[in-house]
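Okay, here's what each chain looks like letter by letter:
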Amino acid sequence: MGTINPQIENSWKTILMDEFNTSYFATLKYFLIKEKQTYKVYPPGNQIFNAFNHTPFDRVKVVILGQDPYHGKGQAHGLCFSVPKGIKPPPSLENIFKELQNDLGISIPDHGNLLKWAEQGILLLNATLTVRANQAGSHQGKGWENFTNAVIQKISDNKTGVVFLLWGRYAQAKETLIDTNKHFVLKAAHPSPFSAYNGFFGCKHFSKANDILSNQNLTPIDWSL
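Bear in mind the structure is a predicted one, so any value in this text is a computation, not a measurement.

**Student:** Sorry, what's going on with the overall build of the protein chain here?
**Tutor:** Tallying secondary structure elements over the protein chain gives 8 helices and 6 strands in all. Listed by position from the N terminus, the elements making up the protein chain come as α-α-β-α-β-α-α-β-β-α-β-α-β-α. The C-alpha atoms of the protein chain give a radius of gyration of 17 Å, which matches the 17 Å a tight globule of 225 residues would have. When the backbone C-alpha atoms are referred to their principal axes, the protein chain occupies close to 50 × 35 × 25 Å. Across the 225 residues that make up the protein chain, the buried fraction comes to 55%. For the protein chain, contacts bridging at least 24 residues in sequence account for 66% of all contacts bridging at least 6. A total of about 10,400 Å² of accessible surface is found on the protein chain, and carbon and sulfur atoms cover 49% of it. When the 22 basic and 17 acidic side-chain charges of the protein chain are each reduced to a single mean position, those positions are 6 Å apart.

This is how it looks when you write it as structure tokens:
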């Protein structure tokens, strides 16, 4: 297959080069090529690495972990929980905005595009970076998790003082990849309507993250959109 040269921001390309050269990544690439011959795959190819392209490695201050891209038309654009402007915010995102309002008094925005967060150093990382249209979880177990686990590990190993927001059991299982002696982990229920009332509402992760950043003399996040 030759070398894989993904269109990804340069600092990430350097730090992840070993991953791109693995056999699992070659298998994953082949799977995606075959998949696209038969099915619609989200997000579009040039947006798969959006989270990395908008948040270079040296700028990462906060990591929010999602599981899967949205599988509806036009929703996924490579940032977890986020949708492009003009697309109705899904229920989990609506609940994130409700908690943000409750925590920091930020009024609920009229769109769901979290790009402004990414540009301030929030890595909006899904564990799986692609999905087959209208089939949730359809690209799980194909290699993406190896890759995104490596991303979390590289952040943990090479940076200090990053705030990880782990919402729900799936994200919380990733805590084993994080050195909690030098990073900060905030855990809560998932913002989905099925679990938000079990501890996502009232978690105040947005103000807590900003307090942690301020205590390290880092610029807090402007969470308003």
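On we go.
**Student:** How should the nonpolar core be read in this particular structure?
**Tutor:** For soluble globular proteins, nonpolar side chains are generally found buried alongside one another. Formed by 63 residues in total, the largest nonpolar core has its most connected members in Phe52, Ile64, Phe147 and Trp223. The residues touching Ile64, leaving out its near neighbours within four places in the chain, are Cys80, Phe81, Trp117, Ile122, Leu123, Leu124, Leu125, Leu165, Trp167 and Trp223.

**Student:** Would you take a moment to explain the packing of helix α1 (residues 10-20) against helix α6 (residues 144-158) for this structure?
**Tutor:** Angle between the axes and distance between the axes: these two values describe a pair of packed helices. The interhelical angle for the contact between α1 and α6, taken along N-to-C directions, is 130°, at an axis separation of 10 Å. On the basis of the axis angle, α1 is oblique to α6. α1 and α6 meet at a crossing whose hand is right-handed. Together, Trp12, Ile15, Leu16, Glu19 and Phe20 of α1 and Asn146, Phe147, Ala150, Val151, Lys154, Ile155 and Asn158 of α6 make up the contact between the two elements. Split into classes, the residues belonging to the contact of α1 with α6 amount to 8 nonpolar, 2 polar and 2 charged.

**Student:** Could you clarify how one ought to interpret unusual backbone geometry in this entry?
**Tutor:** Note: most peptide bonds trans; most residues except glycine with negative phi. With an omega dihedral of -10°, the bond running from Tyr42 to Pro43 counts as a cis peptide bond. Here Pro43 is to be found in the loop between β1 (41-42) and α3 (50-54). Positive phi outside glycine occurs at Asn217, with the angle close to 60°.

**Student:** Looking at this structure, I do not really get the sheet that holds strand β2 (residues 62-66). What am I missing?
**Tutor:** In any sheet, the strands associate via hydrogen bonds between backbone groups, in a parallel or an antiparallel arrangement. Here 4 strands make up an open sheet; going across it, the order is β3-β2-β5-β6 and the pairing parallel. In this open sheet, the two edge strands, each paired with only one partner strand, are β3 (122-126) and β6 (184-188). Each strand axis lies, on average, 20° off the axis of its neighbour in the sheet, ignoring direction. The pairing of β2 with strand β5 (residues 163-167) spans 3 bridges and is parallel.

**Student:** So what exactly am I meant to see when it comes to helix α2 (residues 23-38) here?
**Tutor:** Quick reminder: α-helices carry 3.6 residues per turn. Residues three or four places apart thus point the same way. When the terminal C-alpha atoms of α2 are compared, their 23 Å separation across 16 residues agrees well with the 22 Å that a helix rising 1.5 Å per residue should span. What α2 keeps buried is the set Tyr24, Phe25, Leu28, Phe31, Leu32 and Glu35. Down the axis of α2, the sector holding all buried residues measures 115°, keeping them to one side. Facing away from the buried side of α2 by more than 90 degrees, the exposed set consists of Ser23, Thr27 and Gln37. Contact partners of the buried residues in α2: α1, β1, β4 (131-132) and α6.

**Student:** Explain the pattern of salt bridges here, please?
**Tutor:** When the charged atoms of two side chains with opposite charge come close together, those side chains can pair. One pass over the full model with this rule turns up 4 salt bridges. The salt bridge involving Glu94 is made with Lys88; its shortest N-O contact spans 3.2 Å. Under the relative-accessibility criterion, Lys88 is labelled exposed at 60%. The residue Lys187 makes a salt bridge to Glu175 at a minimum N-O spacing of 2.8 Å. Within this pair, whereas Lys187 is found in strand β6, its partner Glu175 is found in the loop between α7 (168-172) and β6, the two being separated by 12 residues in sequence.

About the criteria used
- Residues numbered from 1 in each chain as written.
- Predicted model: local features only at pLDDT ≥ 70, side-chain atom pairs only at ≥ 80, totals over all residues.
- Heavy atoms only, no water.
- Helix = DSSP H or I, 4+ residues; strand = E, 2+ residues; numbered from the N terminus.
- Rg over C-alpha atoms; globule rule 2.2 N^0.38 Å.
- Buried < 20%, exposed > 50% of the residue type's maximum accessible area, 1.4 Å probe, protein only.
- Contact = heavy atoms within 4.5 Å.
- Areas by Shrake-Rupley, 256 points an atom, 1.4 Å probe, with all protein chains shown as cover.
- Lys, Arg positive; Asp, Glu negative; His and termini not counted.
- Charge placed at Lys NZ, Arg CZ, Asp CG, Glu CD.
- Core = buried A, V, L, I, M, F, W, Y, C linked by side-chain atoms within 4.5 Å.
- Axes fitted to C-alpha atoms, helices over the stretch in contact; angles between N-to-C directions.
- Parallel < 35°, antiparallel > 145°, perpendicular 65-115°, else oblique.
- Left-handed = near helix turned anticlockwise from the far one by under 90°.
- Nonpolar A, V, L, I, M, F, W, Y, C, P; charged D, E, K, R; others polar.
- Pairing = 2+ DSSP bridges.
- Expected span 1.5 Å × (residues − 1).
- Arc of directions from axis to C-beta.
- Salt bridge = Lys/Arg side-chain N within 4 Å of Asp/Glu carboxyl O.

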